[in-house]
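The residues making up each chain are set out below.
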Amino acid sequence: MTIVGYELSLGKEKWQEFARCKGWDPEIFYPDRGVPSASAKAVCNECPVQGDCLEYALNQDERFGIWGGLSERERRKLHRQRVMMRARN
């Protein structure tokens, strides 16, 4: 994978070095219940490692915050969809 001209071998959590959220106030990625998460998702949507972040959150069963542009509820739904797809194959 190449990101901004760098050759990258994505080992455990290596992707985090390239995350767009690096240096942002973490609180925007952990909004209180009922508070919109659009700001965090906008950062994620511009991130070159958004997919790696999402996979990390799914694999680690992250239960809070915005990861890979998805809320915990959205990640649960994606996880259920993947389980159903695997069961069909």
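Here, every reference points to the structure presented above.
The text that follows walks through the structure, step by step, so that each part is easy to find. This structure is a prediction, so every number in the text was calculated from the model and none was measured.

Attention now goes to the pattern of salt bridges. Within the structure shown, the criterion is met by five salt bridges. The residue aspartate 61 makes a salt bridge to arginine 63 at a minimum N-O spacing of 2.6 Å. Residue classification places aspartate 61 among the partly exposed residues on the basis of a relative accessible area of 44%.

Once that is clear, we can look at the packing of aromatic side chains. In total, this model carries two aromatic pairs according to the counting rule given. Summarising the aromatic geometry, the rings of tryptophan 15 and tyrosine 56 are spaced 5.6 Å apart at their centres and angled 55 degrees between planes, so their arrangement reads as tilted. Here tryptophan 15, found in the loop between β2 (6-7) and α1 (38-45), pairs with tyrosine 56, found in helix α2 (residues 50-60); they are 41 residues apart in sequence, far enough to count as distant. With a centroid separation of 5.5 Å and an interplanar angle of 35 degrees, the aromatic rings of tyrosine 56 and tryptophan 67 are classed as tilted.

Looking now at the packing of α2 against helix α3 (residues 72-88). Where α2 meets α3, the axes come as close as 11 Å, and the angle between the chain directions of the two elements is 80 degrees. Here α2 lies roughly perpendicular to α3, going by the angle between them. Together, Leu54, Glu55, Ala57 and Leu58 of α2 and Arg75, Leu78, His79 and Arg82 of α3 make up the contact between the two elements. Looking at the contact of α2 with α3 residue by residue, the class counts come to four nonpolar, one polar and three charged.

Reading the values: the criteria
- Residues numbered from 1 in each chain as written.
- Predicted model: local features only at pLDDT ≥ 70, side-chain atom pairs only at ≥ 80, totals over all residues.
- Heavy atoms only, no water.
- Salt bridge = Lys/Arg side-chain N within 4 Å of Asp/Glu carboxyl O.
- Buried < 20%, exposed > 50% of the residue type's maximum accessible area, 1.4 Å probe, protein only.
- Phe/Tyr/Trp six-rings, centres within 6.5 Å; stacked < 30°, edge-to-face > 60°.
- Helix = DSSP H or I, 4+ residues; strand = E, 2+ residues; numbered from the N terminus.
- Axes fitted to C-alpha atoms, helices over the stretch in contact; angles between N-to-C directions.
- Parallel < 35°, antiparallel > 145°, perpendicular 65-115°, else oblique.
- Contact = heavy atoms within 4.5 Å.
- Nonpolar A, V, L, I, M, F, W, Y, C, P; charged D, E, K, R; others polar.

Honestly, it's all geometry; don't read function into it.
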